[in-house]
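# Breakdown of the fold
Given next are the chains, with one letter for each unit.
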Amino acid sequence: MVAKIAATFSSSAIRLLAPRRAAVAAILRQVPSSDVYELLLLQRVASERDRWSAQIALPGGLVRDETPLSAAIRETAEEVRLDLTSG
């Protein structure tokens, strides 16, 4: 049934219909000498072409040919230059 339906769509439409997975990193740090914690949030760049324009988000993105953990680590490094693999 799915193959029959998919045959009627272009390849770009099939990519839109295919399930996509995403992963994010929730990064907390304790403020020195206090019991207060900070959560790292990003504000996306404002752009008319981006449906998530200017939204607040956790660092992360699409899971490619990798585990969700690897995707969150990779995306965090790309977005905020924070290496989650060290120390």
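Each remark here, short or long, concerns the structure printed above.
For every chain, the first residue of its written sequence is number 1, and the numbers climb from 1 along that sequence. Given that the model is predicted, a residue must reach a pLDDT of at least 70 before its local features are reported, and side-chain atom pairs must reach 80 or more before they are shown or counted; all residues, however, enter totals for whole chains, interfaces and linings. With hydrogens and water set aside, each side-chain value is computed from the structure's full complement of heavy atoms.

## A look at the pattern of salt bridges
Whenever a carboxyl oxygen of Asp or Glu lies within 4 Å of a side-chain nitrogen of Lys or Arg, that contact is scored as a salt bridge. Counted according to the given criterion, the structure contains five salt bridges. For Glu78, the salt bridge is made with Arg74, and the minimal N-O distance between the two is 3.4 Å. Here the residue Glu78 and the residue Arg74 both occupy positions in helix α3 (residues 68-80), the gap between them amounting to four residues, near one helical turn. Residue class for Arg74 comes out buried when judged on its relative accessible area of 18%. A single salt-bridge network, built from bridges that share partners, covers Glu66, Arg74, Glu75 and Glu78. The way it works is that DSSP assigns letters per residue, a run of H or I at least four long becomes a helix, a run of E at least two long becomes a strand, and they are numbered from the N terminus. Per-residue accessibility, obtained with a 1.4 Å probe over protein chains only, is compared with the maximum for each type, and a residue is labelled buried under 20%, exposed over 50%, and partly exposed between these values.

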